[in-house]
Amino acid sequence: MNIAGAFGGGMGNMEGTCGAIVGAGVVLGLVNKDKVKSMKQMRQIMSKFQERNGATQCKLLKGVGTKVVLRECPDCVADAAEFLEEQIGVL
């Protein structure tokens, strides 16, 4: 089963929020019982991702319209995973 397969390309190729970040949010929802805690942790992930990469939107990360690629998809996934791990720790 590919539960997060539709997240690619900024949520189904709409060039919105990076699917790697969305996936991190899904994991937070699965591991936390407290919605407020999940939201705070998601905000931290989003902030760190933005700080490191200059954007959280797929379109900007890929350089659509600007022709300046800020971050490639595999690196975005690695960043989102790193920041997620910082928030939830190793299970």
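Please read these numbers as outputs of a predicted model, since none were measured by experiment.

Student: What's the story with the overall build of the chain in this structure? I'm lost.
Tutor: On a plain count of helices and strands, the chain comes out with 5 helices and 0 strands. Split into buried and exposed, the 91 residues of the chain put 30% on the buried side. Within the chain, contacts between residues separated by at least 24 positions form 54% of all contacts whose residues are at least 6 apart in sequence. Of the roughly 5900 Å² that the chain leaves accessible, carbon and sulfur atoms contribute 57%.

Student: Looking at this structure, how should I read helix α2 (residues 19–31)?
Tutor: Helical periodicity: at 3.6 residues per turn, an α-helix aligns residues three or four positions apart in one direction. Compared with the 18 Å implied by 1.5 Å per residue over 13 residues, the 19 Å span of α2 between its first and last C-alpha is a close match. The complete set of buried residues in α2 reads G19, A20, I21, G23, A24 and L28.

Student: I'm lost on the pattern of salt bridges in this one. Help?
Tutor: It is possible for side chains of opposite charge to pair when their charged atoms get near one another. Evaluation of the coordinates by the stated rule reveals 4 salt bridges. Two residues, E86 and K48, come together in a salt bridge whose shortest N-O distance is 2.6 Å. Taken together, the positions of E86 in helix α5 (residues 73–88) and K48 in helix α3 (residues 35–53) put the pair 38 residues apart, joining distant regions of the chain. Between R71 and D79 there is a salt bridge, with the nearest N and O atoms lying 2.9 Å from each other. Judged by its relative accessible area of 3%, D79 falls in the buried class. A cluster of three or more residues bridged by salt bridges with shared partners is formed by R52, R71, D79 and E82.

Student: Please clarify how the side chain of N53 should be interpreted in this entry.
Tutor: Of note, N53 is situated in helix α3. In this structure the side chain of N53 is engaged in a polar contact, spanning 3.1 Å, whose partner is the side chain of D79. In contact with N53, other than residues within four places in its own chain, are L61, L70, R71 and D79.

Reading the values: rules and limits
Residues numbered from 1 in each chain as written. Predicted model: local features only at pLDDT ≥ 70, side-chain atom pairs only at ≥ 80, totals over all residues. Heavy atoms only, no water. Helix = DSSP H or I, 4+ residues; strand = E, 2+ residues; numbered from the N terminus. Buried < 20%, exposed > 50% of the residue type's maximum accessible area, 1.4 Å probe, protein only. Contact = heavy atoms within 4.5 Å. Areas by Shrake-Rupley, 256 points an atom, 1.4 Å probe, with all protein chains shown as cover. Expected span 1.5 Å × (residues − 1). Salt bridge = Lys/Arg side-chain N within 4 Å of Asp/Glu carboxyl O. Polar contact = N/O pair within 3.5 Å; in protein donor to acceptor, adjacent residues only side chain to side chain.

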